[in-house]
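The residues making up each chain are set out below.
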Amino acid sequence: MSTAPSHDVSFTQPEYSAHAKAALGRKPALFINNEWVQSTHGATLAVEDPSTGREIARIVDASDADVDRAVNAARTAFDDGRWSHLPPMARERAILKLADLIEAHTAEFAELEAIDNGKPVGMATVVDVPGAVQHLRYMAGWTSKLGGDLVEPQGLPRGTVFSYVSREPVGVAAQIIPWNFPLLMACLKIAPALAAGCTLVLKPAEQTSITALRLADLVSQAGFPPGVINIITGNGHTAGAALVRHPGVDKIAFTGSTEVGKIINRDATATLKRVTLELGGKSPVVVMPDVNPEEVAAGAAGAIFFNSGQVCIAGSRLFAHRSVFDKVIEGISQATAFWKPRPSLDPQGHMGPLVSKEQLDRVMGYIEAGKRDGASVAVGGDTAGSSGYYVNPTILVDVKPSMSVVQEEIFGPVVVAQRFDDLEEVAKAANDTCFGLGAGIWTRDVSAMHRLAAKIKAGTVWGNCHAIIDPALPFGGFKQSGFGREQGRAGIDAYTELKTVIIKL
Ligand code: NAI
Ligand code: MG
């Protein structure tokens, strides 16, 4: 049952602004030592607008020599102390200035993000850009408050030694990010590294590098010394892999697929780099029998269809109690009208296309596999528009736990729905996955809420909401959703080494 006609004029992408055209028309370059530099080889990659499928710009596909140059810039900037030795309050001010500059360019960043990633410009304006600014502002505060601890030894007579524990920046960070929240993810990554006193090389995803490159323009203006923030573009298996293996890198922070997370963890072993990994998910949304199904349906729809389902914490497995299952499915089906895909610059749009042809094929491949395995399409299941990478919001029912659509991360607007009868059963089913990133629980029963929250193996559990993220709250995964935590105090700690100093008196 599909509603979207395939030759609809409403799939026409509105014209880009002059600002956007200027940003897209730039000569491909890398940002190293606060300068735009050319690659050592001429290779470039195409940038597409997923709303149209057309090439709109080109970026550098960095060579090993380019990666080396960027890491060396970050290494020199770290080792000579031009950033880490600054008064912490001076570092705090630069991070805050960067946040202010991004905020002042909100409309431009939101438009570029919409064009490059396909997300609705309205969403980028209220979610991505303010989120990026918030992460910078929150972490800026830690710069001047990190401190150390005075710890007295417990096995020695008092007054015989003086000991303290200080925190030092870990060094050069290589930060590799995905395409689903490009600017937000860039700022979420650079903020704690900068606050801790690290220098960094950031590599955005090859599909969505435009906003990170625009961000680079603001770096000198914010007052960062050369070499502190370096931004290079290129393919993952070449430029990304070279960054991970580079001996000049001390720490890797990666967000992306579980598959690549495992490769990175292996590649980082040769020099025992510190690694944090934020990987995939297959987050359950559990709907208990006491809820108002209509109200919950809107939340469950948002949990999967926001950002076209290209969210690591997407509520992609729905478990509704048997007594409310049909009503919840009916409510989500109705909500799909709100989430009908639109070109990213349509100001009325709530959901855009998928990011790429590759992602479209991947998502449609999962839907087909689900059907072959015996799942039924309750709503959607098809593409929309005659060009661009649109997939209609999709609900799959009659699914079994063993199906690939239930076990694997689809990363598209596809939810698989299952019934359950009691709390123990649903807790077990919710945990029947190799992932453990997020989970949503919908109930007014306080006892059920806490019992389930305790049983579900996930880094974040939401009650009567989904995907609320705050820079002060730690975020990360259990099981194969990764390790380490970002955000909050834990997020900055991941960019520091503890140094214990013991002095005999
Ligand atoms: P990916 O994991 O390949 O790409 C993410 C980033 O890693 C990009 O910057 C890429 O250039 C880089 N990369 C790729 N291979 C690398 C390597 N060997 N060494 C170092 N860096 C490398 O994700 P991809 O292929 O774009 O998407 C595939 C699937 O991954 C999606 O369908 C989705 O299931 C999952 N994914 C999950 C994300 C999350 O937020 N957890 C984000 C993006 C994708
Ligand atoms: Mg990949």
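Structure shown above.
Attention here is on the structure that accompanies the text. (Residues numbered from 1 in each chain as written. Chains lettered and ligands numbered in written order. Predicted model: local features only at pLDDT ≥ 70, side-chain atom pairs only at ≥ 80, totals over all residues. Heavy atoms only, no water.)

1. A closer look at unusual backbone geometry
- For Asn 307, which is not a glycine, the phi torsion comes out positive at approximately 60°.
- By secondary structure assignment, the location of Asn 307 is in the loop between helix H11 (293-305) and strand S13 (317-321).
- Residue classification places Asn 307 among the buried residues on the basis of a relative accessible area of 6%.
- Phi at Ser 308 takes a positive value of approximately 55°, unusual for a residue other than glycine.
- Tracing the backbone through its elements, the reader meets Ser 308 in the loop between H11 and S13.
- Judged by its relative accessible area of 3%, Ser 308 is buried. (Helix = DSSP H or I, 4+ residues; strand = E, 2+ residues; numbered from the N terminus. Buried < 20%, exposed > 50% of the residue type's maximum accessible area, 1.4 Å probe, protein only.)

2. Structural notes on the layout of surface pockets
- Counted as a void, the largest pocket has a volume near 1,100 Å³.
- In terms of lining, the largest pocket is formed by 41 residues, of which the most central are Trp 179, Phe 254, Gly 256, Ser 257 and Val 260.
- Of all the secondary-structure elements, those providing two or more residues to the lining of the largest pocket are helix H9 (236-245), strand S10 (251-255), helix H10 (258-267) and helix H13 (357-372).
- Counting residues per element, the lining of the largest pocket draws most heavily on H10, at six residues.
- A class-by-class count of the residues in the lining of the largest pocket yields 18 nonpolar, 14 polar and nine charged.
- By volume, the second largest pocket amounts to about 690 Å³.
- Forming the boundary of the second largest pocket are 31 residues, of which Val 127, Leu 184, Phe 306, Ala 467 and Ile 469 lie nearest the centre.
- Elements supplying a minimum of two residues to the lining of the second largest pocket: helix H5 (121-143), helix H6 (182-196) and H11.
- When residues in the lining of the second largest pocket are grouped by element, the largest group, seven residues, is from H5.
- In terms of residue class, the lining of the second largest pocket is made up of 20 nonpolar, nine polar and two charged. (1 Å grid on protein atoms, 1.4 Å probe; cavity = no way out; pocket = protein on both sides within 12 Å on 5 of 7 lines; lining within 4 Å. Points joined across faces, edges and corners; volume = space filled by probe spheres on them. Nonpolar A, V, L, I, M, F, W, Y, C, P; charged D, E, K, R; others polar.)

3. Regarding helix H15 (residues 423-430)
- Listed in full, the buried residues belonging to H15 are Leu 423, Val 426, Ala 427 and Ala 430. What you see down the axis of H15 is that its buried residues fit within an arc of 105°, all on one side.
- Those residues of H15 hidden inside the fold are in contact with strand S12 (284-287), S13, strand S18 (414-420) and helix H16 (446-455).
- Where H15 begins, one side-chain oxygen reaches toward the backbone nitrogen of Glu 424, 3.0 Å away; that side chain belongs to Asp 422. (Arc of directions from axis to C-beta. Contact = heavy atoms within 4.5 Å. Polar contact = N/O pair within 3.5 Å; in protein donor to acceptor, adjacent residues only side chain to side chain.)

4. Digging into the sheet that holds strand S14 (residues 376-379)
- Across the sheet, which stays open at both edges, the seven strands sit in the order S14-S17-S18-S13-S12-S19-S20 with mixed pairing between neighbours. Bordering the open sheet on either side are S14 and strand S20 (460-463), each of which pairs with just one other strand. Across the sheet, the axes of successive neighbouring strands diverge by a mean angle of 25°, strand direction being ignored.
- Direction of pairing for strand S19 (residues 438-442) relative to S20: parallel, over a ladder of four bridges. Its bridge partner lying in S20, Gly 438 is registered against Thr 460.
- Packing against the sheet, H15 makes contact with S12, S13 and S18, and its axis sits at approximately 175° to S13.
- Packed on one face of the sheet, H16 meets S12, S19 and S20 and runs near 165° to S19. (Pairing = 2+ DSSP bridges. Axes fitted to C-alpha atoms, helices over the stretch in contact; angles between N-to-C directions.)

5. Some remarks on the nonpolar core
- Formed by 101 residues in total, the largest nonpolar core has its most connected members in Ile 102, Phe 224 and Leu 318.
- Residue contributions to this core peak at 11 residues, all from H6.
- Discounting residues that sit within four places of it in the chain, Ile 102 has contacts with Phe 109, Val 129, Val 133, Leu 136, Leu 183, Cys 187, Leu 215 and Leu 218.
- Judged by nonpolar contacts, the second largest core, of 28 residues, contains Val 60, Val 67, Ala 174 and Val 244. (Core = buried A, V, L, I, M, F, W, Y, C linked by side-chain atoms within 4.5 Å.)

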